[in-house]
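In case you want the letters, here they are:
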Amino acid sequence: MIALANPTRFLKLAATLLPWLWGATAIAFAAGLWLGLFASPADYQQGDSVRIMYVHVPAAWMAMFVYATIAVSALGTLVWRHPLADVSARAAAPIGAAFTLLALVTGAVWGKPMWGTWWVWDARLTSVLVLFLIYLGLIALWHAFDEPSRAARPVAILSLVGAINLPIIKFSVDWWNTLHQPASVMRLDGPAIHPSMLVPLLVMATAYMLLFACLHLMAMRNEIWRRRVRSLRVRAATMLAPAE
Amino acid sequence: MTYFGYVLASYLVSAGVIAALIAWVVLDGRAQRQAIEDLDRAGLRRGDRSAPKGERP
């Protein structure tokens, strides 16, 4: 991590990793889609609507994982003052917001045939909606500052406060009586899903994770470039300004 | 396939959002790289404290 504190070294590493990561992402999506759409069975109760699980559940997992990444980055900003921590958080936020939106929309599309409604204000759905609003709040706060370095600390503090929502999302189905089903994969007594459905789900989750790695590296690279452009323009404006 | 419309809708929405994410990252990267090249052509480089070409002595 210390070696990667140098943005130039990070850019070189990203350029080396990205082609391999994109290749692995394409393979994982091809395998996951084939397994999920064609090789896995329909559910005995839900029929083929269970195939929505293979896009809904990985999106929901990534919504939480990306926020956890932002929270760790916030610690990096506040505690270790790692030069890339704020870059990492800022690059991850729009990606996390997109995954959260996907989880909400695909959940609604799954909920309509199974629950008879697109939406219900139960604890799981509401806490995920709150996560989406937190993502939007973080993005808005970053844009409220002209200077990225001035935004880093307040955004990091807000990010850590928002992390309280992660255990609420995870345990909402246990703490409250919800329409959403309880956890069926990440359980202390092991997954409750048959391997014929668990394997496609895990392959799709791997594909989503690899996709996030690709997008995050690229978005971090873009953010580093954006800050370089900004500092060059500020320097040019300073040099061109008339002397007092 | 049962519930075909719902399954199709969920996969199409997922594909659309992921495609939009990829497009945003790629286009943003191109824009930033172009901005760096434009500044470079104007004589502004990182670590180079000299004035832009033709602007200041």
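Everything discussed here concerns the structure shown above.
Residues numbered from 1 in each chain as written. Chains lettered and ligands numbered in written order. Predicted model: local features only at pLDDT ≥ 70, side-chain atom pairs only at ≥ 80, totals over all residues. Heavy atoms only, no water.

S.K.: Where do I start with unusual backbone geometry in this structure?
M.R.: Most peptide bonds take the trans form, and the phi angle of most residues other than glycine is negative. All names here are of chain A. Phi is positive for arginine 81, which is not a glycine, with a value near 50°. Mapped onto the elements, arginine 81 comes out in the loop between helix H2 (53-80) and helix H3 (85-115). A relative accessible area of 61% places arginine 81 in the exposed class. (Helix = DSSP H or I, 4+ residues; strand = E, 2+ residues; numbered from the N terminus. Buried < 20%, exposed > 50% of the residue type's maximum accessible area, 1.4 Å probe, protein only.)

S.K.: How should the interface of chain B and chain A be read in this particular structure?
M.R.: The accessible area lost on association of the parts is a frequent measure of interface size. Chain B puts 35 residues into the contact, and the matching count from chain A is 41 residues. For the pair chain B and chain A, the summed buried surface comes to about 3400 Å²; carbon and sulfur atoms form 75% of the total. Of all residues in chain B, Tyr6, Tyr11 and Arg46 of chain B give up the largest surface area on contact with chain A, accounting jointly for 19% of the area buried on that side. Along the contact surface separating chain B from chain A lie one salt bridge. Joining chain B to chain A, the criterion identifies four residue pairs in polar contact (both at pLDDT 80 or more). (Contact = heavy atoms within 4.5 Å. Buried area = accessible area lost by both parts, 1.4 Å probe. Salt bridge = Lys/Arg side-chain N within 4 Å of Asp/Glu carboxyl O. Polar contact = N/O pair within 3.5 Å; in protein donor to acceptor, adjacent residues only side chain to side chain.)

S.K.: Sorry, what's going on with the packing of H2 of chain A against H3 of chain A here?
M.R.: Each pair of packed helices can be summarised by the angle the axes make with each other and by the distance between the axes. Residues and elements named next belong to chain A. One way to put it is that H2 packs onto H3 with a least axis distance of 7 Å and a crossing angle of 155°. Here H2 is positioned roughly antiparallel relative to H3, judged by the angle of their axes. In this structure, H2 meets H3 at a crossing whose hand is left-handed. (Axes fitted to C-alpha atoms, helices over the stretch in contact; angles between N-to-C directions. Parallel < 35°, antiparallel > 145°, perpendicular 65-115°, else oblique. Left-handed = near helix turned anticlockwise from the far one by under 90°.)

S.K.: Mind showing me how you'd approach the environment of valine 57 of chain A here?
M.R.: All names here are of chain A. Turning to its location among the elements, valine 57 is positioned in helix H2. Residue valine 57 is classed as buried on the basis of its relative accessible area of 18%. Once the C-alpha coordinates of valine 57 and glycine 107 are considered, the two residues, 50 residues apart in sequence, prove to be 8.6 Å apart.

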